[in-house]
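Coordinate inspection notes
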Amino acid sequence: MNPTHTQRLTGKDYKTLALAALGGALEFYDFIIFVFFATVIGELFFPSDIPEWLRQLQTFAIFAAGYLARPLGGIIMAHFGDKLGRKKMFSLSILLMALPTLMMGALPTWQTIGIAAPLLMLLMRMLQGAAIGGEVPGAWVFVAEHVPYKRIGIACGTLTAGLTIGILLGSLVATLVNTSMSQQAIHDGGWRIPFFLGGVFGLLAMYLRRWLHETPVFVEMQQRKALAETLPLKTVLAEHKKSVVISMLLTWLLSACIVVVILMSPVWLQKQLSIAPALTLQANSIATVMLCIGCIVAGLAVDRFGASRTLCVGSLLLALCSWQFYHLTALYPQQLFLLYGMAGLSVGIVGVVPFVMVRAFPAEVRFTGLSFSYNLSYAIFGGLTPIFVSLLMNVSVMGPCWYVMALALVGLLTGIWLRRDVSHEPGLHQEIKSL
């Protein structure tokens, strides 16, 4: 990818990684802060005389709309990223996230403007979805095309860790707001503060990205006049179907693991095991920090041992640690921090995902191929996973555990397939030969 001969990360590489990870963390914060204040948003943006279950359903439908908007935004930005340059889209995505987040914090409520309030919230949420759809694939492509070939794993793993720090930041801000303000004060306007913070910091991150440079790979393609001549998406669908399937399966692993283990488990601990909310949030913060460490470890491992081995071993660890967390916390609640932390660390296997996806598509259509696969899969599984897990919990209290175990099996089988496949696709073939 990067024609440089050195295999060490330079000061310039670290700067690129730091700025990309910072922007990604702030964008992810903006995207998920909604879920931490979903209850109060539901109370303020829908009429007070509707049933509670309907209010919750409508509120989470707005949250899910962000996932549904991801493919369209991601595909459009990726198209121009393959045609005009990675950096332009990298800067646009963070602006498209920061402005709607600011607007969400300033929106009038149902009491003021009626039905227009939830509709405007829905529109802002969809703009957020379009932005994150371009940001995450764009960030992975951007850093992978900047760093030395043998350091793509650690670069992608570090960036993925940066994205998960955005979740931790959201959790910490939500905790700070809930502990420093009364519920009435939050209801009266305190809920707006996290959105204003996210918007302002997002604009700051966009300003800092001015110092980034276009990727060497894209510059070289421009000089060789090797940019995609046809519609990049058409090329991806016609010539790289296996790469799309593998990328979608791995995105399912990534998205659903984070949704179930990190985002849904605190509520599961509170409702099923009657653990105090403050304690579950502390445990969740530990799990998220461990997830960040796990992503970096997975990135180092994939550079050293290849994607197939790392994915197989990591998937087995995911199954083991998740089983221990969901089964043993009820028996040994005093071990909550340890068990949740180990589960979070094992979810770090998702740090392998961008490494495989970046190398699964040739440079000419890399942004489009990765973005299409990632966002389509995220829209499907990111949106349906909470619903499916909720249905499983009606059958068994261990519903989340069985779902994560199924994901671990997907990861294991994908790792085995990467080892055995004899595909002749340019991207995957190059990837498989190096495993």
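Because the structure is a prediction, the values reported are computed rather than measured.

Conventions used here
Residues numbered from 1 in each chain as written. Predicted model: local features only at pLDDT ≥ 70, side-chain atom pairs only at ≥ 80, totals over all residues. Heavy atoms only, no water. Helix = DSSP H or I, 4+ residues; strand = E, 2+ residues; numbered from the N terminus. Rg over C-alpha atoms; globule rule 2.2 N^0.38 Å. Buried < 20%, exposed > 50% of the residue type's maximum accessible area, 1.4 Å probe, protein only. Contact = heavy atoms within 4.5 Å. Areas by Shrake-Rupley, 256 points an atom, 1.4 Å probe, with all protein chains shown as cover. pLDDT = per-residue confidence, 0-100. Phe/Tyr/Trp six-rings, centres within 6.5 Å; stacked < 30°, edge-to-face > 60°. Lys NZ or Arg CZ within 6 Å of the ring centre and 35° of its normal. Axes fitted to C-alpha atoms, helices over the stretch in contact; angles between N-to-C directions. Parallel < 35°, antiparallel > 145°, perpendicular 65-115°, else oblique. Nonpolar A, V, L, I, M, F, W, Y, C, P; charged D, E, K, R; others polar. Expected span 1.5 Å × (residues − 1). Core = buried A, V, L, I, M, F, W, Y, C linked by side-chain atoms within 4.5 Å. Left-handed = near helix turned anticlockwise from the far one by under 90°. Patch = residues over 30% accessible without salt bridge, like charges linked within 9 Å, V, L, I, M, F, W, Y side chains within 5 Å. Salt bridge = Lys/Arg side-chain N within 4 Å of Asp/Glu carboxyl O. Disulfide = S-S within 2.5 Å.

**As for the overall build of the protein**
The number of helices and strands found in the protein is 20 helices and zero strands. Against the compact-globule benchmark of 22 Å for 435 residues, the protein has a radius of gyration of 21 Å, which places it among compact chains. Overall, the protein is about 65 × 50 × 40 Å in size when its C-alpha atoms are taken along their principal axes. In the protein, buried positions account for 56% of the 435 residues. Summarising the internal contacts of the protein: among those between residues at least 6 apart in sequence, 86% fall at separations of at least 24. Counting every atom, the protein has about 17,700 Å² of accessible surface; 70% of that belongs to carbon and sulfur.

**Focus on the confidence of the model for the protein**
In this model, the protein carries an average pLDDT of 84, and 92% of its residues clear a pLDDT of 70 or more. Mean pLDDT across the elements of the protein bottoms out in helix H20 (residues 426-433) (42) and peaks in helix H16 (residues 336-347) (96). Below pLDDT 50 for its whole length, residues 1-6 participates in 16 contacts with residues either more than four positions away or in separate chains. Overall, residues 422-435 carries pLDDT values under 50, and its contacts beyond four positions in sequence, including any with other chains, amount to 37 contacts.

**Examining the packing of aromatic side chains**
Scanning the model with the defined rule gives 10 aromatic pairs in all. The interplanar angle of 75° and the centroid separation of 5.9 Å between the aromatic rings of Trp191 and Phe195 together place this pair among those described as edge-to-face. You can call Trp191 buried: its relative accessible area is 1%. Each residue in the set Trp268, Phe325, Tyr326 and Tyr340 is aromatic and connected to the rest through ring pairs, giving one cluster. Across the ring face of Phe34, the terminal group of Arg125 is positioned such that the distance to the ring centre comes to 5.6 Å.

**Looking at the packing of helix H18 (residues 366-395) against helix H19 (residues 399-420)**
Close contact between H18 and H19 brings their axes to 7 Å; oriented N to C, the two are set at 130°. Judged on the interaxial angle alone, H19 and H18 are oblique. On H19, the residues touching Thr385, Phe388, Val389, Leu392 and Met393 of H18 are Gly399, Pro400 and Tyr403. Residues of the contact of H18 with H19, tallied by class, amount to six nonpolar, two polar and no charged.

**Quick word on the environment of Ile41**
Following the sequence through the fold, Ile41 ends up in helix H2 (residues 38-45). With a relative accessible area of 1%, Ile41 lands in the buried category. Ile41 has contacts with Phe34, Met121, Trp191 and Phe195, leaving out every residue within four places of it along the chain.

**So, helix H14 (residues 277-305)**
For H14, with 29 residues, the first-to-last C-alpha span of 40 Å sits near the 42 Å given by 1.5 Å per residue. Just past H14, the residue Gly306 takes up positive phi, approximately 90°.

**Examining unusual backbone geometry**
The residue Ser274 is not glycine, and still its phi comes out positive at about 55°. When you line up the elements, Ser274 lands in the loop between helix H13 (241-273) and H14.

**Observations regarding the nonpolar core**
Counting residues in hydrophobic clusters, the biggest one holds 107 residues, and the most contacted among them are Ile41, Phe45, Trp140, Trp191 and Tyr326. Tallying contributions element by element places H13 first for this core, with 15 residues. Ignoring sequence-local partners within four residues, the contact set of Tyr326 consists of Val260, Val261, Ser265, Trp268, Met398, Pro400, Cys401 and Val404. Among the nonpolar cores identified, the runner-up in size contains seven residues, and Val244, Ala360, Val365 and Phe372 belong to it.

**Some details on helix H7 (residues 116-144)**
When the terminal C-alpha atoms of H7 are compared, their 43 Å separation across 29 residues agrees well with the 42 Å that a helix rising 1.5 Å per residue should span. Judged by how many residues are buried, H7 sits mostly within the fold: 22 of 29 residues are covered.

**A word on the packing of H13 against H16**
At a closest axis distance of 9 Å, the pairing of H13 and H16 adopts a crossing angle of 160°. Between H13 and H16, the crossing angle belongs to the class labelled roughly antiparallel. The crossing of H13 and H16 is right-handed. Counting all contacts with H13, which are made through Cys257, Ile258, Val261, Ile262, Ser265, Pro266 and Leu269, the residues of H16 involved are Leu336, Tyr340, Ala343 and Val347. When the residues that make up the contact of H13 with H16 are grouped by side-chain class, the tally is 10 nonpolar, one polar and no charged.

**Observations regarding a nonpolar patch on the surface**
A grouping of Ile193, Leu197, Phe201, Leu204, Tyr207 and Trp211 is seen on the molecular surface, where their side chains present a nonpolar patch of about 570 Å² in accessible area. The topology assignment puts Ile193 in helix H10 (residues 193-208). Classification of Ile193 as partly exposed rests on a relative accessible area of 38%.

**A closer look at the environment of Gly133**
With respect to the helices, strands and loops of the structure, Gly133 is situated in helix H7. Looking at Gly133, the relative accessible area reads 0%, which means it is buried. In sequence terms Gly133 and Arg70 are 63 residues apart; their C-alpha atoms lie 4.3 Å from each other.

**Quick look at the state of the cysteines**
Scanning the entire structure with this criterion turns up zero disulfides. For Cys295, which is in no disulfide, the shortest distance to another cysteine sulfur is to Cys292 and amounts to 6.5 Å. Taking relative accessible area as the criterion, Cys295 reaches 0% and is therefore assigned buried.

**Some thoughts on the side chain of Thr368**
Positionally, Thr368 belongs in helix H18. Look at Thr368 and you get buried, because its relative accessible area is 2%.

**Examining the environment of Lys87**
With respect to the helices and strands, Lys87 occurs in helix H5 (residues 86-106). Measuring from C-alpha to C-alpha, the distance between Lys87 and Ser274 comes to 47 Å, with 187 residues separating the pair along the chain.

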